Amino acid sequence: MAINEKKLEELLNQYPTKVKRNRKKHLIIKDSSLAHQEIEANTRTIPGIITNRGCAFAGCKGVVLGPLKDMVHIVHGPIGCAYYTWGTRRNKAKSDDPTKNFINYCVSSDMQESDIVFGGEKKLARLIDEVMDIFQPNAITISATCPVGLIGDDLQAVAKAAQEKHGVEIMAFNCEGYKGVSQSAGHHIANNILMERVIGQGDWEEAPGKYPINILGEYNIGGDSWEVERILEEIGYTVVSVMTGDGSYEELKNAHVAELNLVQCHRSINYIAEMLETKYGTPWLKVNFIGVQSTIETLRNMALYFNDPALTQKTEEVIAKELARTEPIIEQYKKICEGKTAFCFVGGSRGHHYQGLFAELGIETVLAGYEFAHRDDYEGRDIIPEIKLDADTKNIPEIHVSPDERRFRLKLSPERLAEMKKKIPLSNYQGMNIEMKDGTIIVDDLNHFETEEFIKLLQPDIFSSGIKDKYVVQKMGIPSKQLHSYDYSGPYAGFNGAVKFAEDIAMSFATPTWNFITPPWKNKPLLEGTIVEG
Ligand code: CFN
Ligand code: HCA
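This text gives an overview of the structure that appears in the document. Predicted model, so just to flag it, every value in this text is computed and none were measured. (Residues numbered from 1 in each chain as written. Chains lettered and ligands numbered in written order. Predicted model: local features only at pLDDT ≥ 70, side-chain atom pairs only at ≥ 80, totals over all residues. Heavy atoms only, no water.)

To continue, consider the overall build of the chain. Along the backbone of the chain there are 21 helices and 14 strands. Viewed in the frame of its principal axes, the chain has a C-alpha envelope of about 90 × 65 × 45 Å. Per-residue burial for the chain yields a buried fraction of 57% across its 534 residues. When contacts within the chain are restricted to residue pairs at least 6 apart in sequence, long-range pairs at least 24 apart make up 77% of them. Of the side chains in the chain, 60 bear a positive and 74 a negative charge, and the two mean positions are spaced by 2 Å. (Helix = DSSP H or I, 4+ residues; strand = E, 2+ residues; numbered from the N terminus. Buried < 20%, exposed > 50% of the residue type's maximum accessible area, 1.4 Å probe, protein only. Contact = heavy atoms within 4.5 Å. Lys, Arg positive; Asp, Glu negative; His and termini not counted. Charge placed at Lys NZ, Arg CZ, Asp CG, Glu CD.)

Applying the stated criterion to the full structure yields 16 aromatic pairs. Aromatic pair Y83 and Y84: ring centres 5.2 Å apart, planes at 85°, arrangement edge-to-face. Judged by relative accessible area, Y84 falls into the exposed class, the value being 64%. For the pair Y492 and F501, a centre-to-centre distance of 5.0 Å together with 80° between the ring planes defines the contact as edge-to-face. Neither Y492 nor F501 differs from the other in exposure class; each is buried. Aromatic ring contacts, followed pair by pair, group Y354, F358, Y486, Y492 and F501 into a single cluster. Lying over the aromatic face of W226, K94 brings its terminal NZ or CZ to 4.1 Å of the ring centre. One Lys or Arg, K340, reaches over the ring of F509 and ends 5.1 Å from the middle of that ring. (Phe/Tyr/Trp six-rings, centres within 6.5 Å; stacked < 30°, edge-to-face > 60°. Lys NZ or Arg CZ within 6 Å of the ring centre and 35° of its normal.)

The buried fraction of strand β10 (residues 341-346) is high, at six of six residues. Residues T341, F343 and F345 of β10 are buried on one face, and the alternating residues A342, C344 and V346, pointing to the opposite face, are buried as well. Direction of pairing for β10 relative to strand β11 (residues 364-370): parallel, over a ladder of six bridges. In the strand pairing of β11, F343 is matched with L367. Since β10 and β11 lie parallel, the crossover through helix α15 (residues 350-360) that links them has a hand, and here it is right-handed. Bridging between β10 and strand β13 (residues 462-465) involves three bridges; their strand directions are parallel. Bridge pairing links F343 to F463 in β13. (Pairing = 2+ DSSP bridges. Right-handed = clockwise from strand over helix to strand, strands pointing away.)

What follows is about the sheet that holds strand β12 (residues 441-444). Spatial strand order, β1-β12-β11-β10-β13-β14: six strands in an open sheet with mixed pairing. Each edge of the sheet is formed by a strand with only one pairing partner; in this case those strands are β1 (27-29) and β14 (480-482). Pairwise comparison of adjacent strand axes, ignoring direction, gives a mean angle of 15° for this sheet. (Axes fitted to C-alpha atoms, helices over the stretch in contact; angles between N-to-C directions.)

So, on to the pattern of salt bridges. Taken as a whole and judged by the stated rule, the model has 30 salt bridges. A salt bridge links D445 to R53, with the nearest nitrogen and oxygen atoms 3.7 Å apart. One end of the pair, D445, is in the loop between β12 and α18 (448-458); the other, R53, is in the loop between β1 and α3 (56-65), and 392 residues separate them in sequence. D445 sits in the buried class, given a relative accessible area of 5%. A relative accessible area of 8% places R53 in the buried class. Of the charged contacts, one joins R375 and E379 as a salt bridge, the two residues approaching to 2.7 Å between their closest N and O atoms. (Salt bridge = Lys/Arg side-chain N within 4 Å of Asp/Glu carboxyl O.)

Attention now goes to empty space enclosed by the protein. Going through the model one piece at a time under the given rule, you end up with one cavity of 30 Å³ or more. Approximately 50 Å³ is the volume found for the largest cavity. Lining the largest cavity are N22, R23, H26, R44, T45, I46, I49, D445 and N447. (1 Å grid on protein atoms, 1.4 Å probe; cavity = no way out; pocket = protein on both sides within 12 Å on 5 of 7 lines; lining within 4 Å. Points joined across faces, edges and corners; volume = space filled by probe spheres on them.)

Mapped onto the secondary structure, H353 falls in helix α15. Here H353 falls in the buried class, since its relative accessible area comes to 9%. Once residues within four sequence positions are removed from consideration, H353 is found in contact with Q264, V287, N288 and I290.

Okay, structure coming up:
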């Protein structure tokens, strides 16, 4: 069912005037006849509106740092922030040395009332001693939660003293939840410190194999990065490091030797990509391993970059082999999915990336959006070239990166870089909006009220979002697939991931469970009105 401006207005009219004025700027009905459609993004959420967003702590500790397996990640604060984020993000990790994989632990200073009153620094210092004693990790991170910032514990001083005492890298992150307007500020805080203190600290001068690359913004949710690495290694690439899925402090230290940085999630890691280019001369390529066609396009773009006929030939061979194996299976599932519609609202990149995979199954996305993306993620970098416009970076000290004289090697001449950018399809640099069909809805920072209203209006066949709204919608009679955690499934990236996704989505439609639920609109008349006498 389509939504027109009148319906959207009716929805917004249910808000108080001020709220309506605000939310209106975050909602678009796609209309390609207009020269440009602007959307407000990366601004403060209306207090109390029940947003799907998270906070800076979630973005720093949960998203960027959490997947680094050989470090112990300390959460400094009362226990809630550590406990309720423990193990919920499905960033998988395995290690050849099981004594250096701390991914399943939840380590917190568990601040009590007296620590809030008298300060938590001493308790934190004792906790670091204990962590060193029990685990001997390769490095430690300390992430601050809101109360720590409010009482003014000096994390940096505690970390510095502990580093001198124990002789391992101990990094403190002032990522109190209230910083910035969403998770996005936390990504930035984490990225800055990893760039300053970890990347480039290793002693490698050369990569250990051919076509060395880093995969940035891939967090191995449900095993995604294992599937991506499988494909890339079969073609002949050397994966130097993954940031940060199944990643490690040790790997990250040598990330400077890569010759190309792939950026899978642009939102959470564009900062590092830009800084690596400035500091080490490593260009970056926006990629997308979600969906068969995007994976193929990505592999071809990578081959184009390295410009080696042997690599191009091997790339085509692997593509042909993978297609022959997976296409017939996907075709079977497509028969069940064809003609259906999806609601696709995720954090900062998947709201866009998953549309291609849905389309490959014959499913059209009728509403999409991001919790915390910035305007360039919607409107494209060609239109919004200055990513430094970001509102959430106002309170985060900028780090200034300059070329590292010892290690800066221009990996590609400026002429060749320009040539490559010309050859690589523009869609790589464009945001979500351009790919959406006319009449579909684009929404920023969705809240629970709007979720329910849009579900009633659009009646999609599948709802893809997160844990906070999944069950409300499922109880309305619509199958729901979490696109953050993949529920308990995955991987969904690459060729094998596309097969798994097709299987899971087809299963959601085919299950007889839905026969036992009647969606509310089936019991209610679709037309409502007042009978006027006379
Ligand atoms: S794994 Fe990534 S892909 S990192 Fe980011 S913007 Fe979150 S944790 Mo949830 S699923 Fe989501 Fe993206 Fe990048 Fe994940 S869409 S909200 S902060 N995200
Ligand atoms: C976060 C992490 C999250 C939450 C997922 C959800 C994730 O934002 O803190 O709301 O379902 O992917 O684990 O985005």
